[in-house]
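Analysis of the macromolecular model
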Amino acid sequence: MSISNRKLIRPDLPEIKGGAGRTVRRKQSPPEQTNAEEFYYLKQMAAKTSMVVILTDGEELRGSIEWYDKGAIKLNRTNGPNLLILKHNIRYMFKEDELRRRGRRT
């Protein structure tokens, strides 16, 4: 009697589940950039919307956005010189019209 090594053949897992040849897709991670910020700036620039910019130190600036890049915006002002503001110094910004609307409600 001779003993021979047998090779075990295992079926693939998809074959067992009955989905031979089917690949499982993972949910894709969301894109790192949504371009929402770019869209917002372009919209406000095109309309020359008057904006209120609140800096991290509490200072309030008013003007319209002339251009922007990854780290800064240029704010055109009628009552003072135009400013180049670094984005990391901005706490938040909003349209000046929203300030007027809020004043009417109260």
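Reading guide: rules and limits
Residues numbered from 1 in each chain as written. Predicted model: local features only at pLDDT ≥ 70, side-chain atom pairs only at ≥ 80, totals over all residues. Heavy atoms only, no water. 1 Å grid on protein atoms, 1.4 Å probe; cavity = no way out; pocket = protein on both sides within 12 Å on 5 of 7 lines; lining within 4 Å. Points joined across faces, edges and corners; volume = space filled by probe spheres on them. Nonpolar A, V, L, I, M, F, W, Y, C, P; charged D, E, K, R; others polar. Helix = DSSP H or I, 4+ residues; strand = E, 2+ residues; numbered from the N terminus. Pairing = 2+ DSSP bridges.

**So, the layout of surface pockets**
Quantified by volume, the largest pocket comes out at close to 190 Å³. As for the largest pocket, its lining consists of Gln33, Thr34, Asn35, Ala36, Glu37, Glu38, Tyr68, Asp69, Lys70 and Lys87. Here the lining of the largest pocket is built from residues that sort into 2 nonpolar, 3 polar and 5 charged. Approximately 150 Å³ is the volume found for the second largest pocket.

**A word on unusual backbone geometry**
Of note, the phi angle at asparagine 35 is positive, near 65°, even though the residue is not glycine. If you trace the backbone, asparagine 35 turns up in the loop between α1 (13-17) and α2 (36-47).

**Quick notes on the pairing of strand β4 (residues 83-86)**
Both strand β3 (residues 72-76) and β4 contribute to a ladder of 4 bridges, which runs antiparallel. Residue pairing across strands places leucine 75 opposite leucine 83, the latter belonging to β4. Here β3 folds back onto β4, and the loop between the two strands holds 6 residues, one of which, glycine 80, carries a positive phi near 145°.

Function cannot be inferred from these measures alone, as they are strictly geometric.
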